[in-house]
Amino acid sequence: MQFDQDFFFFPEVFFAESEKKAINYTFGEHGKEFNQRIKTSIIFSLICLIIILINVKTLTKFLELPVQDVKFFQLSPNEYFFSSLKLSLYGSLIASFPFYISQGIFFLAPGFSYREQKIVFSLIILSNFLFLISLGFTFFALLPAALTFFLNYSEGILEPFWSFTEYFDFSTTLFLGTALVFQLPILQVILSICNVTNQNQMKNGWKYIVLFSTILGAIITPSTDPITQLILSSVILVLYGFGIFLTDFYKKE
């Protein structure tokens with residue numbers, strides 16, 4: 001088997017319509033493929049990092065949009081410099097997240113049957129779509145809800161002067177955590193394909209998911225305010241239900 005650049009983006013298993021069975025690779029081929037996928041992911045992240053570094057001021061102003069009434073400050077002369085480096089690094093990780101997911105699924109694809117490979121390919125598209133929704137949801141709903149809660153709580157008592165570093169850490173934690181949560185339906189379908197679980201077991205376990213969503217919402221939200229946790233916990237439940245629907249849908253396909 002030959003490994004080249006095309007393989008990393010569109011594995012041959014997705015386009016070989018005559019293949020109706022899973023493709024068997026040797027351990028050495030799996031190892032070589034894994035190493036090259038890691039290298040490709042690193043190169044992709046570095047490209048994103050360079051692009052974001054060049055446009056870091058634009059990204060900074062974009063992150064400040066949800067709190068236009070708040071003034072940011074830096075405690076030391078080099079605080080914003082190091083914060084911009086962290087912002088570029090985290091931004092590149094977030095931007096590369098769909099690519100990481102795709103590479104991981106492509107790596108597992110040869111072990112699936114032809115029918116499962118078609119399902120996996122559609123999951124890659126859905127995963128990227130859910131990722132974009134998670135960014136929009138965090139920026140337009142979750143982040144403003146958390147910030148508004150704290151601004152209203154301290155209104156008339158304290159002036160809103162925030163450290164940009166603290167605000168950046170708060171925001172990126174929320175973005176990364178929400179992006180991971182929105183991949184829950186993808187995980188459910190993959191577990192079903194691997195026969196780890198099925199839609200009936202998922203339906204029967206909804207009581208545990210209610211508890212799990214509450215705990216996970218508290219862990220992911222750095223603000224610890226009840227409104228943000230409630231919103232995120234509700235979204236986790238909706239995503240879990242959507243995952244059950246997808247599992248049932250792909251089973252019928």
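All of the points below concern the structure found in this document.

## Here's the deal with the overall build of the chain
Here is step 1: Broken down by element type, the chain carries 10 helices and 2 strands.
Here is step 2: For the chain, with 253 residues in total, the buried portion stands at 43%.
Here is step 3: Long-range pairs, those at least 24 residues apart, make up 86% of the contacts in the chain between residues at least 6 apart in sequence.
Here is step 4: In the structure as shown, the chain presents an accessible area of about 14400 Å², 68% of it carried by carbon and sulfur atoms.

## Here's the deal with the packing of aromatic side chains
Here is step 1: Inspection of the entire model under this criterion finds 15 aromatic pairs.
Here is step 2: On the basis of an interplanar angle of 10° and a centroid distance of 4.3 Å, the ring pair of F44 and F99 is categorised as stacked. Here F44 is found in helix α2 (residues 27-54), whereas its partner F99 is found in helix α4 (residues 79-108), with 55 residues between them in sequence.
Here is step 3: According to the relative accessible area criterion, F44 is partly exposed, its value standing at 28%.
Here is step 4: Between F149 and F150, the aromatic rings sit 5.3 Å apart at their centres with planes inclined by 80°, giving edge-to-face as the arrangement.

## Description of unusual backbone geometry
Here is step 1: One non-glycine residue, N195, lies in the positive phi region at around 60°.
Here is step 2: We classify N195 as exposed; its relative accessible area is 69%.

## Thoughts on the pattern of salt bridges
Here is step 1: Under the counting rule described, the total for this entry stands at 2 salt bridges.
Here is step 2: Note that D169 is salt-bridged to K86, the shortest N-O span being 3.1 Å. In this pair, D169 sits in helix α6 (residues 164-181) while K86 sits in helix α4, placing the two residues 83 residues apart along the sequence.
Here is step 3: Taking the relative accessible area as the measure of exposure, D169 reaches 25% and is therefore partly exposed.

## Description of the nonpolar core
Here is step 1: Within the largest apolar cluster, 48 residues are counted, with the highest numbers of intra-cluster contacts made by L123, L143, V189 and I193.
Here is step 2: Counting only elements with at least two residues in this core, the list comes to α3 (56-63), α4, α5 (114-153), α6, α7 (184-193), α9 (206-220) and α10 (226-252).
Here is step 3: Beyond its immediate chain neighbours, meaning those up to four positions away, I193 contacts F112, E116, I119, V120 and L123.

Scoring rules and cut-offs
- Residues numbered from 1 in each chain as written.
- Predicted model: local features only at pLDDT ≥ 70, side-chain atom pairs only at ≥ 80, totals over all residues.
- Heavy atoms only, no water.
- Helix = DSSP H or I, 4+ residues; strand = E, 2+ residues; numbered from the N terminus.
- Buried < 20%, exposed > 50% of the residue type's maximum accessible area, 1.4 Å probe, protein only.
- Contact = heavy atoms within 4.5 Å.
- Areas by Shrake-Rupley, 256 points an atom, 1.4 Å probe, with all protein chains shown as cover.
- Phe/Tyr/Trp six-rings, centres within 6.5 Å; stacked < 30°, edge-to-face > 60°.
- Salt bridge = Lys/Arg side-chain N within 4 Å of Asp/Glu carboxyl O.
- Core = buried A, V, L, I, M, F, W, Y, C linked by side-chain atoms within 4.5 Å.

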